[in-house]
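# Report on the structure
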Amino acid sequence: MASAMASRTIRLRPGADLDGFRAAVRHLVADEIPPEAVTWAEGDAPSLFPDEPAAGPAAPALALPRAVATLVPAVLMHRDPERHGLLHRLIWRVAQGERHLAEVASDPLVHRLHLMRKAVGRDLHKMHAFLRFRWVGAGDGSGEGSRERFAAWFEPEHHILAEAAPFFAARFPSFDWSILTPDGSAQWDGRTLSFGPPGRREDVPEHDAFEAGWTDYYASTFNPARTNLAAMRAEMPKKYWHNMPETAAIPGLVRAAGQRVGAMIERAPEAPVKRVPARALAAMAAQEPASLEALNAIIRASEPLVPGATQAVLGEGRPGAAIAFVGEQPGDQEDLQGRPFVGPAGQLLSRALREAGIARRDAYLTNAVKHFKFEARGKRRIHQKPTAGEVAHYRWWLDRELAFVAPRLVVALGATAVLALSGRQVPITRARGPSDFGGKPFRGFVTVHPSYLLRLPDEARDEAYAGFVDDLRRAASLAADLAPSGAG
Amino acid sequence: MDDALKKKLTILADAAKYDASCASSGAPKRKAEAGGLGSTTGAGICHAYTPDGRCVSLLKILLTNYCLFDCAYCVNRRSSNVRRARFSVDEVVTLTVEFYKRNYIEGLFLSSGIIRSPDHTMEQLIRVAKTLRQRHGFRGYIHLKTIPEASPWLIEQAGLYADRLSINLELPTEASLERLAPEKDGAAIQTAMGQMGERILQAKEEKRRFAPAGQSTQVIVGADASTDESLIRTSARLYDHYGLKRIYYSAFSPIPDAASILPSQSPPLQREHRLYQADWLMRYYEFSPDDVAGATESGMLALDVDPKLAWALRNRDRFPVDVNRADREMLLRVPGLGVRAVDKIVAARRHATLRLDDVARLTSGLKRARPFLVAADYAPTRLTDRLDLRARLAEPPRQLSLF
């Protein structure tokens, strides 16, 4: 039996030596050496036992269940000197046939390893949370110019520096920083993260210009009526306090808390010093845009809700126009010129309007979405259809815009316009013709978007164009029927 | 940091602290770009804890505590005599960036008193968020308070920059709102929540960025006569209709210069704690609002036992539950067993038969769980029939002492 073999001592680098541990365990498993026969040692101190000579060729890799493979690196970061032996026992039992052992959290060994992993995870989390940088300088002027430099001193409980540091590199790439710990240090120069020898607390500046303000903030955000020191200490154990500047405020806050609360409870309500600002209150409610111009000013000043546009393209035409046309969104030309329906589709619309007997200058033209959305392909900007959500972003404006214009008839050009006006996705083939857009205060009419005609093959275009002009004629006569004298 | 700015910070942090929300969770994982600043981790990070045991994760401040509204429960109402201050947009941006660079915070939680008009106020909040994102390449967490009385298109803008949006319901009934917050309009609050909920959902489906950490709200506990049952039913409706990520329950706390129509007393912290537990039962333990209501006494949750234990004591015929056989849903009903313990039990019992000692290693709540479960070597001897079971399991009354 293997346990009859002589004991072995395995020496690993101090800290979390994953490579060393992995290589050693492969040998131990290959040689069927049980955990009782192994002594683990860390660092350069001489051992009581003669070291095993390094085995010749590398032992074969072990196929470990995922639950084990993820547990090993985490537990190796723990400071407990027994961690190697415990992990070896786990791997030994798994290799002996207990394949699912790491899933049995109730097993005493697994339970202990899980607690170790949890302690490491907590230490990592607390390092990310409680480490405090101090400003060191504004760069040495060479090379990168004025990159700022920051430094921090931290004392982790476990061997977590290498695991913890990438978090800071992802978060703070734009300045140089060092993190010094009693076990080692980490440096970031804007490009690479490197690790070095242990640091000293004195190597970090003693103060920072924002610490007093931060401590004031910490003190102000505390509610004395809820004082609960046990809850604070459970989450922020005292061992971390001496590296956190704000904790200096704690004793004073706790001392004064009772008296502050008592004073608040006992104090009789005071009469307000200020009188009711009636005029300001009345003015507060009057914030709705009062005119189309005011609404347009708001739209012009707003950030695009679809990404990329040069400017907002506003509606064009006369308030009070009998017919309003609603398209999808501005295209490339519209985006550059800041006017609706001036590109190829707009020119086609103008022609069709003429043929249908509608004067463009007497109508009102606008789009459901006020900004151009596109995909850049080389120098070309390819139109992209707005999503339903993006159309919904713009509906508030369209509704108010049409309320100001108050047309008798609104013509929806294409499916996006129908969606914007009715809130529903309807295929144009089904919706084409008169519509009430599901209860809008104006009559409606649905037809295709002129850009649809441009995309048709030549042989189909003429017929479709004729149908489009027909639609516009029908819309015009519908609008005429709706004129006040004939509407009744 | 100069003294004037420090003084403003003190006033405007003090004015913001009655908002319980502090979470920096729910945002997708992000990293800073080369010249930028900030990241998000998903779960959020608490960078410090104040002596009230609460987490300091975000720089939680008001842009200003001048306010035209006169909500009785609020320290910043226009009739209060507190000191007033007002930050500029740039001051908030500087504080956020400099605090962030020193690893004090995960980001910003910005709210404001209503000045000039709801739209003007909302625009200022948006400007801060936009400046952080666009000028500083800030990828950290931003939570913006939404002013429900602001125009709807401003909500559409806020979601472009914020991770989380919130509107505080504050009072669960229309009647209380009318009495204590005369300028607030319950219908406007619900409409705005509905609008945000819809937009957040759509953006998620379309893989666009719009308030990716969702929306939350806060309800004040103990400022009016609402029962726990009505609070819980309100919460269930909000989670259901508006897809809220979180509801915060905030025990009404004495404030400096309180209004005369409000109770002057210590905050009902234990009640707040029980409401959070009940809320968790609905979100993570598959309890329905009716289940929770069934655990109350005249609509109020017990203070001496947690709501899950209260439910179990009322439904003793459902116990004991066999840890080696019962389905997950029933294990979740066992007092003292949390979601993680239940998941570990379910995983472990596939490969082993669990004895009481094994269960003890999987939960810290075995004392409460024992009378309600069966293990391979253990069955409670008619414990669930004992009349004194509640007294044996109740927590000793918690001294709400300050020290």
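Above this text is the structure in question.
Numbering of residues starts from 1 in each chain and follows the order in which that chain's sequence is written. Whichever chain is written first is A, and whichever ligand is written first is 1; the rest continue in order. Per-residue local features are limited, in this predicted model, to residues with pLDDT of at least 70; the limit for side-chain atom pairs, both in listing and counting, is 80 or more; totals at the level of whole chains, interfaces and linings are taken over all residues. Only heavy atoms go into the side-chain values, all of them from the structure, while hydrogens and water stay out.

### A short note on the pairing of strand β4 (residues 107–111) of chain B
All names here are of chain B. Inclusion rule: The classification of residues rests on relative accessible area computed with a 1.4 Å probe and restricted to protein chains. Under 20% of the type maximum is buried, over 50% is exposed, and intermediate values are partly exposed. Runs of E in the DSSP output that reach at least two residues are strands. Runs of H or I that reach at least four are helices, and both are numbered from the N terminus. Two strands are said to pair when DSSP picks up at least two bridges between them.
The buried count for β4 comes to five of five residues, which makes it a mostly enclosed element. Inspection of the sheet shows strand β3 (residues 58–62) paired to β4 by five bridges, in the parallel sense. Bridging from a neighbouring strand, I61 pairs with L110 of β4. The sheet contact formed by β4 and strand β5 (residues 141–145) spans four bridges and is parallel.

### Topic: empty space enclosed by the protein
Residue and element names in this part refer to chain B. Convention followed: A pocket, in this scheme, is an open set of points on a 1 Å grid over the protein atoms alone with protein on both sides within 12 Å along at least 5 of 7 lines, while a cavity is a set where a 1.4 Å probe fits but cannot get out; residues line either one if an atom lies within 4 Å of a point. Grid points are joined across faces, edges and corners, and a volume is the space filled by probe spheres set on the points. In the scheme used here, Gly and all other residues not listed as nonpolar or charged are polar, with Ala, Val, Leu, Ile, Met, Phe, Trp, Tyr, Cys and Pro taken as nonpolar and Asp, Glu, Lys and Arg as charged.
Overall, the coordinates contain one cavity of 30 Å³ or more when judged by the stated rule. Within this model, the largest cavity holds a volume of roughly 680 Å³. Taken together, the elements giving at least two residues each to the lining of the largest cavity come down to β3, β4, β7 (215–221) and β8 (246–251). Residue composition of the lining of the largest cavity, by class: 19 nonpolar, ten polar and ten charged.

### Some points on the packing of helix α2 (residues 66–76) of chain A against helix α4 (residues 108–130) of chain A
The description of two packed helices rests on the angle between their axes and on the distance between the axes. Residue and element names in this part refer to chain A. Definition in use: For helices, the axis comes from a line fit to the C-alpha atoms of the stretch in contact; other axes are also lines fit to C-alpha atoms, and the angle between any two N-to-C directions lies between 0 and 180 degrees. For classification, angles of less than 35 degrees are called roughly parallel, those exceeding 145 degrees roughly antiparallel, those between 65 and 115 degrees roughly perpendicular, and all remaining angles oblique. Crossings are sorted by hand: turned counterclockwise from the far helix by less than a right angle, the near helix makes the crossing left-handed, and turned clockwise it makes it right-handed. By definition, residues are in contact when any of their heavy atoms lie within 4.5 Å.
Contact pair α2 / α4: the axes reach a minimum separation of 8 Å and the direction vectors enclose 60°. Here α2 lies oblique to α4, going by the angle between them. Of the two elements, α2 crosses α4, and the hand of that crossing is left-handed. Together, T70, L71, A74 and V75 of α2 and L113, H114, M116, R117 and V120 of α4 make up the contact between the two elements. Considering only residue class, the contact of α2 with α4 consists of six nonpolar, two polar and one charged.

### A look at the pattern of salt bridges
Definition in use: Here, a salt bridge means any Lys or Arg side-chain nitrogen found within 4 Å of an Asp or Glu carboxyl oxygen.
A complete count under the given rule lists 62 salt bridges over all chains for this structure. Among the salt bridges present, the one from A:E155 reaches A:R201, with a minimum N-O distance of 3.7 Å. Here A:E155 is found in the loop between β4 (149–153) and α5 (161–171), whereas its partner A:R201 is found in the loop between β7 (193–196) and α6 (211–221), with 46 residues between them in sequence. On the accessibility criterion, A:E155 (29% relative accessible area) is partly exposed. A salt bridge links A:K370 to A:E401, with the nearest nitrogen and oxygen atoms 2.8 Å apart. Note that A:K370 is positioned in the loop between β10 (364–367) and β11 (374–377) and A:E401 in helix α13 (residues 388–405), a separation of 31 residues in sequence. For the pair A:K370 and A:E401, a shared accessibility class is recorded, and that class is buried. A network of salt bridges, in which partner residues are shared, links A:E148, A:D208, B:E98, B:K101 and B:R102.

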